[in-house]
Amino acid sequence: MGFLSLFVVALVPILKVLLVTGVGLLIALERIDLLGANARRNLNAIVFYVFNPALVSSNLAKTITFSSLVTMWFMLVNILLTFVIGSALGWVLIKITRTPQHLQGLVLGCCSAGNLGNLLLIIIPAICEEEDNPFGDSDCSTNGEAYASLSLAIGAIGIWSYVYAIMRISANKCKKEINLDDSTISIRTSGETLEILSEGCTEALLPSKDCPSSRECSDEVELTHAGSEGKQKVPFLEKIKQQVEILMEKIDLKMVFSPSTIGVIVGFFIGLISPIRKLIIGDSAPLHVIESSAYFVGEAAIPSTTLIMGANLLKGLKGSDVSIVVILGIMAVRYIALPLLGVVVVKAAHHFGLVGSNSLFQFVLMLQYALPPAMSTGTMSQLFEFGQSECSVIMLWTYAVAAFSLTLWSSFFMWLVS
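Residues numbered from 1 in each chain as written. Predicted model: local features only at pLDDT ≥ 70, side-chain atom pairs only at ≥ 80, totals over all residues. Heavy atoms only, no water.

Let's talk about the overall build of the protein
Applied cut-off: Each helix corresponds to a stretch of at least 4 residues labelled H or I by DSSP, and each strand to a stretch of at least 2 residues labelled E; elements are numbered beginning at the N terminus. The rule is simple: take the accessible area with a 1.4 Å probe, protein chains only, and divide by the maximum for that residue type; under 20% is buried, over 50% is exposed, in between is partly exposed. Residues are treated as being in contact if the distance between any of their heavy atoms lies within 4.5 Å. Surface accessibility in these figures is a Shrake-Rupley result with a 1.4 Å probe; residues are shielded only by whichever protein chains are displayed.
The number of helices and strands found in the protein is 18 helices and 3 strands. For the protein, the residues scored as buried account for 48% of the 418 residues in total. For the protein, the share of sequence-separated contacts (at least 6 apart) that also reach a separation of at least 24 residues comes to 81%. Carbon together with sulfur atoms contributes 64% to the accessible area of the protein, which is approximately 21300 Å² in total.

What follows is the structure, encoded as structure tokens:
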């Protein structure tokens, strides 16, 4: 099968995503206003609390068994490596571009977390439906759905634990534990509370005259705090204990066990326990209506999320003060460095016998390194009320470029494993 034919096969699912994204962008325009700010907020809540958990749980319960999970164990390692490598490259990007402190968490989140769920659930079945796909017709759809479902499950846990913690820490550093009240902002330091009058604050705080930038303000507070403490030697073990306590305070267990994570747990519980699986999964199962209803509801997650993604891109069209160098750096990380390293990782794993000879599985593993940033980072920026416009601009350009890069990388990966 020639590279041009593979390119056409890879292009079709990407065009589907772009068309639905364009519809979301169109209906979000002020002239139409079917998907305005309030509508997006409400639809996003429905997706977060209803559609995504139903999608994850139903797909996992239907496609994952104990034997299939054993054969796909390397996907867990592979996704972990995407987060680790992406975070390392993001940290290098921050140092090179001198990214402002209030955007460092956003940059790390965009570099470390890819769209491991919705895009794969669209791309893999669409590729399997093509007559000229290199993976065959017999088991492509079934296995592809299982791979995409497991990727969605593991990705959801990683995003809402690791990336959420990073962006939360970044937001707290920027605001310096600022407590927002109706008319007062309290900045808490050790033993003292400084109150600054404010007239509503929905975005990140503007720097004062005495502090030209939020980074300098943060450094100033830390220096003052250090001066009041004096130069005291702290034992090494005590330092480690303090850092662990700080990290545990930053981790929000409510978000770690988000609705999507609970859906993952339910899906694994049903799929891996054989007696329960026989009760719910299968056309002849006594409680088959539960699985079919959850799958019916979960099918709305992908188009809804894609429409929201298109609507959110509208804000990026209005621009922001994010540096073009930072945007280009994120693209270089996600569309050049990560895919190349992904090829090395998967080929090395295959060489050492960690990955079998299944070409579709190898293709999915490589594709996980070439995906655009996860849309959940935009949800988190809205949640913490910082970097929202910058996130919209980053998503706008990264997803626009993904139409070309993802098609090219998909074609190359298919040629590589076929």
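A short note on the side chain of serine 151
Cut-off, in case you're wondering: N or O atoms within 3.5 Å of each other form a polar contact, as long as, within protein, one can give a hydrogen and the other can take it, and as long as residues adjacent in sequence are counted only when both atoms are side-chain atoms.
Positionally, serine 151 belongs in helix α7 (residues 140-175). A polar contact of 2.8 Å, which involves the side chain of serine 151, links it to the backbone oxygen of leucine 116. Polar contacts involving the side chain of serine 151 include one to the side chain of glutamine 368, which spans 3.2 Å. Setting aside anything within four residues of it in sequence, one finds serine 151 in contact with Met75, Ile79, Leu116, Leu120 and Gln368.

Describing the packing of helix α5 (residues 101-112) against helix α18 (residues 388-417)
In plain terms, the rule: Comment: axis = line fitted to C-alpha atoms, over the contacting stretch for helices; angle = value between 0 and 180 degrees taken between N-to-C directions. In what follows, roughly perpendicular refers to angles from 65 to 115 degrees, roughly parallel to angles under 35, roughly antiparallel to angles over 145, and oblique to any angle outside these ranges. The handedness criterion is simple: a crossing whose near helix is rotated anticlockwise from the far helix by less than a right angle is left-handed, and one whose near helix is rotated clockwise is right-handed.
At their nearest, the axes of α5 and α18 sit 11 Å apart, and the two run at 30 degrees to each other. In terms of their interaxial angle, α5 and α18 are classed as roughly parallel. Of the two elements, α5 crosses α18, and the hand of that crossing is right-handed. Facing His102, Leu103, Leu106 and Cys110 of α5, the residues of α18 in contact are Glu390, Cys391, Ile394 and Met395.

Details of the confidence of the model for the protein
Stated precisely, the cut-off is as follows: pLDDT is defined as a per-residue confidence score from the predictor, taking values between 0 and 100.
In the predicted model, the protein carries a mean pLDDT of 77, and the fraction of residues at 70 or more is 75%. Here residues 177-231 scores under 50 on pLDDT; set against residues more than four positions off or in separate chains, the count is 61 contacts.

A closer look at the packing of aromatic side chains
The condition is simple: Between the rings of Phe, Tyr and Trp (Trp by its six-membered ring), a pair exists once the centres lie within 6.5 Å; its type follows the angle of the planes, with under 30 degrees stacked, over 60 edge-to-face, and the other angles tilted. By the criterion adopted, a ring carries a charge over it if an Arg CZ or a Lys NZ lies within 6 Å of its centre and within 35 degrees of its normal.
Applying the stated criterion across every chain, the model contains 8 aromatic pairs. Their ring planes at 85 degrees and their centres at 6.1 Å tell us that phenylalanine 83 and tyrosine 162 sit as a pair that is edge-to-face. In this pair, phenylalanine 83 is assigned in helix α4 (residues 74-97) and tyrosine 162 in helix α7, connecting sequence segments 79 residues apart. A relative accessible area of 6% means that phenylalanine 83 is categorised as buried. The class for tyrosine 162 is partly exposed, based on a relative accessible area of 35%. Following the ring pairs from residue to residue traces out a cluster consisting of Trp409, Phe412, Phe413 and Trp415. Taking NZ or CZ as reference, lysine 62 lies 3.8 Å from the ring centre of tyrosine 295, over its face.

Describing the environment of glycine 86
Within the fold, glycine 86 resides in helix α4. Residue classification places glycine 86 among the buried residues on the basis of a relative accessible area of 0%. Sequence-wise, glycine 86 and arginine 334 are 248 residues apart; in three dimensions their C-alpha atoms are separated by 7.7 Å. In this structure, glycine 86 is in contact with Leu81, Cys111, Ser112 and Leu338, ignoring residues within four places of it in sequence.

Notes on empty space enclosed by the protein
Keep this limit in mind: Throughout, the protein atoms alone are placed on a 1 Å grid, and a set of points is a cavity if a 1.4 Å probe fits but cannot get out or a pocket if it is open with protein on both sides within 12 Å along at least five of seven lines; lining residues have an atom within 4 Å of a point. Grid points are joined across faces, edges and corners, and a volume is the space filled by probe spheres set on the points. Residue classes follow a fixed rule: Ala, Val, Leu, Ile, Met, Phe, Trp, Tyr, Cys and Pro count as nonpolar, while Asp, Glu, Lys and Arg count as charged, and any other residue, Gly among them, counts as polar.
Evaluated as defined, the whole model comprises 1 cavity of 30 Å³ or more. Together, Val17, Asn115, Asn118, Leu119, Ile122, Thr305, Thr306, Met309 and Met375 line the largest cavity. Of all the secondary-structure elements, those providing two or more residues to the lining of the largest cavity are α6 (118-129) and α14 (301-317). Taken together, the residues of the lining of the largest cavity break down into 5 nonpolar, 4 polar and no charged.

Remarks on the nonpolar core
What counts here: Nine residue types can take part in a nonpolar core, namely buried Ala, Val, Leu, Ile, Met, Phe, Trp, Tyr and Cys, and a core is a set of them joined through side-chain atoms within 4.5 Å.
Judged by nonpolar contacts, the single largest core of 103 residues is most densely connected at Phe363 and Leu367. Looking at this core element by element, the count peaks at 15 residues for α7. Contacts of leucine 367, omitting those with residues within four sequence positions, involve Leu120, Ile123, Ile124, Leu406, Ser410 and Phe413.

Let's talk about α5
We count it as follows: A helix is expected to span 1.5 Å for every residue after the first.
Here α5 is 12 residues long and its end C-alpha atoms lie 17 Å apart, about the 16 Å a rise of 1.5 Å per residue gives. Burial runs high along α5: 11 of the 12 residues are buried. Every buried residue of α5 is accounted for by Gln101, His102, Leu103, Gly105, Leu106, Val107, Leu108, Gly109, Cys110, Cys111 and Ser112.

A word on the environment of serine 381
Of note, serine 381 is situated in helix α17 (residues 376-384). Here serine 381 falls in the buried class, since its relative accessible area comes to 2%. Distance in space between the C-alpha atoms of serine 381 and leucine 106 is 7.7 Å, their sequence separation being 275 residues.

Things to note about the pattern of salt bridges
When the charged atoms of two side chains lie near each other, side chains of opposite charge can form a pair. So the rule is basically this: Basic side-chain nitrogens of Lys or Arg form a salt bridge, by our definition, when they fall within 4 Å of a carboxyl oxygen of Asp or Glu.
This structure, assessed with the given rule, holds 1 salt bridge. Salt-bridge contacts for glutamate 145 lead to lysine 62; the nearest nitrogen and oxygen are separated by 3.4 Å. A residue pair is termed long-range when its members are at least 10 positions apart, and glutamate 145 in helix α7 and lysine 62 in helix α2 (residues 37-63) qualify at 83 residues.

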